[in-house]
Amino acid sequence: MSTSRAVPVTLAEIARLAGVGRAAVSNWRRRHPSFPERIAGTDTNPQFSLTDIEDWLRDNKKLKKSAEREWLWPGFEALGGRDETGAAIAEVGRLLSGRVSDEGEEIRADTRELIERAVDLGQREGGTETFAFLLRRWLDVHVRQIATTPEPLASLMAQLALRAANGVAGDSPGSSGGTTVMDPACGPGHLLLAAADAVRASGAGALTLLGSDRDAVLASLADSRLALAENEGHGEKEWAQVSVRAADSLRDDPFSDAPADIVLCNPPFNERDWGYEELATDARWSHGLPPRTEPELAWVQHCLAQLRPGGAAVLLLPPAVAARKAGRRIRGSLLRTGQLRAVVALPPGCAAPHSVSLHLWVLRMPAQGEGAPVGDRLLVADAASRFPRDPDEKWTPDWAAISAFVREAVEEADSPQALAYVRQVPVIELLNDEVDLTPGRHIAPSPADTAPRLAESWREFTGLTANVSKSAGLLAALDLATAEADTPTATTVAELARAGALTLRGGQQPAEESIHAGPPSDDGIPLLTVPDLLVDGEPRSWLAPGTAAAGEAVIAEPGDIVVVGVARAFSAWVHEGPPTALGPQLHAVRVQPEQLDAWFLAGSLRAPANARQAGTHTTNSSRIDVRRLQIRQVPLGEQRRYGEAFRELTAFERLLRRTADLGTSLVRDLGDELAAGRLANQA
């Protein structure tokens, strides 16, 4: 590889590129005098030239031949800002798809060299795969700035729109008349690609894909992605007519004269500068001018205005759109005209922002001569309640189950057999002072569903109380000395660290662009922070493996002790979960097992009196100087005896917490059942 600029890589990136652990790279650096010198960073976090490292690995027969794509990414990441890297990746896609580039003269020489290397690799190993790899890496780096629609959700939205649009212009989408699909906020093209696959799978003829995005880089990436799909992914000469424009669809719609059969959209959320003043008299607002605080309702009406008679739109929206007071007039009009057909609440974690239950809105433009029937109904489906998230377990969406539930809810909407968590709500029932369309507000759990769930909860509660009693019995039986005992000599964490009995590492804040929100991917590294501990102790973000941030993060491995250095959340525990990155004010302690027992040390560190002694102030916002925390000096055998007691005390605490949570849930659910009059008569 030859570039005119030195691309820096960290030890962690070298390890990933070489397919080894970071310790192996550190060992190479220590043992081989020929190992390249660092070009940046510090002695503890050095950075090296990618070119020098690749040459060294090749010379020493340590180059991993099967990971050429991995070697591409550091060069792209070093190009500069988000837009420059994204534009270079889009250019790779354009060239791989066989298009003539119109930006060649604007690309500097070193970037052009990197693009040519990526194109050469794509021609050898597959253009679609190479482009997808670069795009995925770019999106991972900028996950907080770019909201994308997960592929399973994009596929579900396309399927819902296809079904709702059945009967377009007298034919189903995909008939000989062809189908036009539009996404007015297309981002990198997830929804358009999913719609193309769904429409073609249904036996469509001619297919037209129209996309626009005000971010020129995203529009360019979507255009390249769809061109590659046409060129490689489908093998059909006339796969689709594709047109993607860089434009603000609300202010300057590039496809105002191109009606669509299907519109899919994941619009930007909570934007205030969407064009309220300049668009006040726009003809698209057939249901009323959207308030300044309701930009999502502007997107809803824009999508409706793009549809030809009989066409359908599916939008992914935040839950507040269904209930905010400012939008009730427009929601009421959508119901009266029959254009809003369904609202589906998805479980939290299905898409960004992952902490809320996003909604799918299914809309349909009536066909010629078709009106909204008097007394029409709105389909509401509550997948959030159907697939609750267990706070004690790592949760990722079960897309197969969620998609099957939503499809069944829509397909069996008129079935006389009611489905759990699904209801056809009469529109007249919704047209009140609130016009609240939140599915959970209109769906009461059925007795057939609630009874088994309550029975399972009671079984778990009974088991928990038995375990609490057992654990309490063990702890109550501990023989505590009543007389004053000779106090053993105490030492501190700092002294033990100097003696080599433990290592202490302080967590740090990763770069903002490297943090991913929501549940981690299969190989993602959870990131635990003090705010997480103040809520429920569960990590709410994660780091991608192999990135510089993950390589430099302080990782708590199973068996390490995690200590919180803030008084208001002070604690210490033996970490038993997956490897977890620690944020600021969290510390990882790793003991030498032949000198210290981890459970004894954790139990000693977390003593409230210990924290008070090591605190910097007397307020609950003060910091704890972890190095000053004290531990009694006792033989290892004695440590283990105390460690077993501390372990049992920790188990007792967890049992109490879970018992309290489950008991609260049982009281709430049983109260609802009794209030609904479901207490059976006794013979």
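Conventions and cut-offs
- Residues numbered from 1 in each chain as written.
- Predicted model: local features only at pLDDT ≥ 70, side-chain atom pairs only at ≥ 80, totals over all residues.
- Heavy atoms only, no water.
- Helix = DSSP H or I, 4+ residues; strand = E, 2+ residues; numbered from the N terminus.
- Buried < 20%, exposed > 50% of the residue type's maximum accessible area, 1.4 Å probe, protein only.
- Contact = heavy atoms within 4.5 Å.
- Areas by Shrake-Rupley, 256 points an atom, 1.4 Å probe, with all protein chains shown as cover.
- Salt bridge = Lys/Arg side-chain N within 4 Å of Asp/Glu carboxyl O.
- Polar contact = N/O pair within 3.5 Å; in protein donor to acceptor, adjacent residues only side chain to side chain.
- Pairing = 2+ DSSP bridges.
- Axes fitted to C-alpha atoms, helices over the stretch in contact; angles between N-to-C directions.
- pLDDT = per-residue confidence, 0-100.
- Disulfide = S-S within 2.5 Å.
- Core = buried A, V, L, I, M, F, W, Y, C linked by side-chain atoms within 4.5 Å.
- Expected span 1.5 Å × (residues − 1).
- Parallel < 35°, antiparallel > 145°, perpendicular 65-115°, else oblique.
- Left-handed = near helix turned anticlockwise from the far one by under 90°.
- Nonpolar A, V, L, I, M, F, W, Y, C, P; charged D, E, K, R; others polar.
- Patch = residues over 30% accessible without salt bridge, like charges linked within 9 Å, V, L, I, M, F, W, Y side chains within 5 Å.

(A) The arrangement of the overall build of the chain in detail. When helices and strands are tallied, the chain shows 22 helices and 23 strands. Across the 683 residues in the chain, those meeting the buried criterion constitute 49%. Put simply, 73% of the contacts in the chain that link residues at least 6 apart link residues at least 24 apart. Counting only carbon and sulfur atoms, one obtains 51% of the accessible surface of the chain, whose full area is about 32200 Å².

(B) Inspection of the pattern of salt bridges at higher detail. This model, assessed by the stated rule, comprises 30 salt bridges. In this structure, a network of salt bridges that share partners links the residues Glu54, Asp55, Arg58 and Arg117.

(C) Inspection of the side chain of Gln339 at higher detail. Position of Gln339 relative to the elements: it lies in the loop between helix H12 (328-336) and strand S9 (340-345). With relative accessibility at 11%, the residue Gln339 sits in the buried group. Polar side-chain contacts of Gln339 include one of 2.8 Å to the side chain of His287. Contacts of Gln339, omitting those with residues within four sequence positions, involve His287, Leu304, Leu334, Val362, Leu363, Arg364, Met365 and Pro366.

(D) Local environment of the sheet that holds strand S8 (residues 307-317). Across the sheet, which stays open at both edges, the nine strands sit in the order S6-S5-S4-S7-S8-S10-S9-S11-S12 with mixed pairing between neighbours. Each of the sheet's edge strands pairs with one partner strand only, and the pair in question is strand S6 (241-246) and strand S12 (422-426). Strand-to-strand twist in this sheet, taken as the mean axis angle between neighbours without regard to direction, amounts to 15°. Looking at chain direction, strand S7 (residues 260-265) and S8 are connected through five bridges and run parallel. From the neighbouring strand, Val263 faces S8, where its bridge partner is Ala313. Across the sheet, helix H8 (residues 151-164) lies against S7, S8 and strand S10 (359-364), angled at about 155° from S8, the strand it touches most. The strands touched by H12 within the sheet are S9, S10 and strand S11 (377-382), with S10 carrying the most contacts at an inclination of about 50°.

(E) Summary view of the confidence of the model for the chain. On average, residues of the chain score 85 in pLDDT, and 87% of them are at 70 or above. Low pLDDT, under 50, characterises residues 167-171; the stretch is placed with nine contacts to residues that sit more than four places away or in other chains.

(F) Structural view of the sheet that holds strand S15 (residues 515-517). Strand order in the open sheet formed by five strands is S15-S17-S16-S21-S18, with mixed pairing between adjacent strands. Edge positions in the sheet fall to S15 and strand S18 (555-556), since each has one partner strand and no second. Bridge count between strand S16 (residues 525-528) and strand S17 (residues 541-543): three bridges; the pairing is antiparallel. Counterpart to Pro526 in the pairing with S17 is Trp542.

(G) Broad picture of the environment of Trp56. Relative to the elements of secondary structure, Trp56 occurs in helix H3 (residues 50-59). Accessibility expressed as a relative area gives 5% for Trp56, which makes it buried. When the C-alpha positions of Trp56 and Pro36 are compared, they lie 7.4 Å apart, and in sequence the two are 20 residues distant. For Trp56, the contacting residues outside a window of four places in its chain are Trp28, His32, Ser34, Phe35, Pro36 and Lys62.

(H) Structural view of the state of the cysteines. Using the criterion set out here, one finds zero disulfides in the structure. Between Cys265, a free cysteine, and Cys303, which holds the nearest cysteine sulfur, the sulfur-to-sulfur gap is 4.3 Å.

(I) Structural detail: the nonpolar core. Leu153, Leu264 and Leu360 are the most contacted members of the largest nonpolar core, which totals 55 residues. The dominant element in this core, judged by the number of residues it contributes, is H8, at nine residues. Ala298, Ala322, Leu335 and Met365 belong to the second largest nonpolar core, which has 39 residues in total.

(J) Spotlight on unusual backbone geometry. Residue Pro353 is reached from Ala352 by a cis peptide bond, and omega for that bond is -5°. Along the chain, Pro353 turns up in the loop between S9 and S10. Positive phi values are uncommon outside glycine, yet Asn270 reaches one of about 55°. With a phi close to 70°, Gln585 is a non-glycine residue in the positive phi region.

(K) View of helix H9 (residues 190-201). Between the first and last C-alpha of H9 there are 17 Å, a value that for twelve residues agrees with the 16 Å anticipated at 1.5 Å per step. Across the twelve residues that make up H9, a large majority, ten, are buried. Just past H9, the residue Gly203 takes up positive phi, approximately 90°.

(L) Looking closely at the packing of H8 against H9. Running from amino to carboxyl end, H8 crosses H9 at an angle of 55°, the nearest separation of the two axes being 8 Å. The angle between H8 and H9 falls in the class oblique. Crossing geometry of H8 relative to H9 is assigned as right-handed. Taking contact as the criterion, the partners of Ala154, Ser155, Met157, Ala158 and Leu162 in H8 are, on H9, His190, Leu191, Ala194, Ala195, Ala198 and Val199. Looking at the contact of H8 with H9 residue by residue, the classes come out as nine nonpolar, two polar and no charged.

(M) View of the packing of helix H5 (residues 82-96) against helix H6 (residues 109-125). Relative orientation of the contacting elements H5 and H6 amounts to 40°, with a least axis distance of 9 Å. In terms of their interaxial angle, H5 and H6 are classed as oblique. Here H5 runs over H6; the crossing is right-handed. Along its contact with H5, which presents Glu84, Ala88, Glu91, Val92, Leu95 and Leu96, the element H6 presents Thr111, Arg112, Ile115, Ala118, Val119, Gly122 and Gln123. Partitioning the contact of H5 with H6 into residue classes produces seven nonpolar, three polar and three charged.

(N) View of a nonpolar patch on the surface. Residues Trp458, Leu670, Leu674 and Leu679 make up a contiguous nonpolar surface patch of about 410 Å² in total accessible area. With respect to the helices, strands and loops of the structure, Trp458 is situated in helix H16 (residues 447-476). Judged by its relative accessible area of 39%, Trp458 falls in the partly exposed class.

(O) Fine view of helix H1 (residues 11-18). Burial analysis of H1 places eight of its eight residues in the buried class, which makes it a mostly covered element. Positive phi appears at Gly19, one or two residues downstream of H1, with a value of about 75°.

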